[in-house]
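# Remarks on the overall topology
Next come the chains, spelled out residue by residue.
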Amino acid sequence: MKRLTLPLIGVALLTTAHSAAHADATRADSHAPIGVMGDHTHAQGEVMLSYRYMDMSMDQNYAGSQKVSTSDIHAAGYGVAPQSMDMTMHMLGAMYAPSDTLTLMAMLPHITNDMSLRSSMMAQNMMNARPRFTTESSGIGDVKLGGLYQLHSDDKNTLIFNAMISLPTGSIDEQDTMANPMMGEMHMPYPMQLGSGTVDLLPGLTFTQKHSRYSWGSQIKATLRTGDNDNGYTLGDRYRLNTWIAKPIGHRFSLSGRASFEHWDNIDGSDKQLTLMPNMVPTADPKLRGGEQTSLHVGFNYVLADGDTGNQRLALEWGEVVAHDLKGPQLGTSKILTLGYQIAF
Ligand SMILES: [Cu+2]
């Protein structure tokens, strides 16, 4: 009995306090924090175009939740240890609503990966490895297409079914010069490839609730790979839970806080183009790719204009990963920055 009373009182209070709340598309927090995708649908006939810039940085290796140093990795017998990695992404998005309940969506990413690595003394002496080197890959990533279907919508609550797929448009044959420049360009390990190489299903559910003084939402999404790619492997499935709360300040601005939990499996099979041995560098080992991370984010949405020039928005979100549990040694993400511009008309 006691367990039920508290939430019931809570719900009753919120209902009375905010009974005047109603759906308002121009509210800054009517869109989720910019790091969340597929959180909202549009009214029939509406079009939205968006641009996002994302930066993910990694600068620490982990095995489980323990930090692992470069010398630990060299001591474990690896000739080369990744030091840091930076992934930047430019993403164009388009949304169109043929009806109030269905919004179609497409996303086109352009990805740049930069990795810094360090060779062990032994690799330097025995294999002419450069002490330090960087590798880079850049190009179009996997295009995502699909729809967002509104399962339920009232003045306050919205439930969306996310039905997207990811197409293998990103390259899985990226090459660069490795530790020994004499060997020329070589096929790069898994994290430096730009796409999955498989058709991936991206189902999800997004719930949002609006009150007059705040709003919150929660989204669960999966990335489910189908089949093997042309190089004979399948990236691990991913699962992500996002929960956020946002507070409007004035008519055009909202502040947000978000917590995200992500789990991803190891790679199935192994890349037949990869000549680097898994005991040379950890990134070449398909069994050292799985993991989990929890991140916390703060951000804002700002409605720039709402009128003849369309509903224009600017948004920024900055996040930090606070807990890692990685099959390792594996580089863990430390910081995530997302910047976005959206225009709807
Ligand atoms: Cu939109």
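Everything discussed here concerns the structure shown above.
A brief look at the structure comes next. (Residues numbered from 1 in each chain as written. Predicted model: local features only at pLDDT ≥ 70, side-chain atom pairs only at ≥ 80, totals over all residues. Heavy atoms only, no water.)

### Let's talk about the side chain of Gln342
Here Gln342 lies in strand β17 (residues 310-344). A relative accessible area of 6% places Gln342 in the buried class. Among the polar contacts listed, one links the side chain of Gln342 to the side chain of His31, at a separation of 2.8 Å. If we ignore the near neighbours within four places in the chain, the residues touching Gln342 are His31, Ile34, Met48, Leu49, Ser50, Arg52, Asn311, Gln312 and Arg313. (Helix = DSSP H or I, 4+ residues; strand = E, 2+ residues; numbered from the N terminus. Buried < 20%, exposed > 50% of the residue type's maximum accessible area, 1.4 Å probe, protein only. Polar contact = N/O pair within 3.5 Å; in protein donor to acceptor, adjacent residues only side chain to side chain. Contact = heavy atoms within 4.5 Å.)

### A look at the nonpolar core
Judged by nonpolar contacts, the single largest core of 23 residues is most densely connected at Val80, Met85, Met115, Leu117, Leu276 and Val281. Of all the secondary structure elements, the ones that give two or more residues to this core are β3 (80-96) and β4 (102-119). Once residues lying within four places of it in the same chain are set aside, the contact partners of Val80 are Ile73, His74, Leu117, Arg118, Ser119, Phe133, Ala179, Met280, Val281 and Pro282. Formed by 15 residues, the second largest nonpolar core is a distinct cluster that contains Met37, Met105, Met164 and Leu194. (Core = buried A, V, L, I, M, F, W, Y, C linked by side-chain atoms within 4.5 Å.)

### So, the coordination of the copper ion
The copper ion binds to the protein through His40 (NE2), His42 (NE2), Met48 (SD) and Met95 (SD); the donor distances cover 2.0 to 2.4 Å. Coordination at the copper ion is tetrahedral: its four donor atoms span angles of 104 to 118° at the metal. In the primary sequence, the donor residues of the copper ion line up as H-x1-H-x5-M-x46-M. Accessibility classification places His42 together with Met48 in one group, the buried group. (Donors = N, O, S within 2.8 Å, 3.2 Å for Na, K, Ca; no water. Tetrahedral: all angles 85-135°; square planar, octahedral: opposite > 155°, others 65-115°.)

These figures come from the coordinates and say nothing about function on their own.
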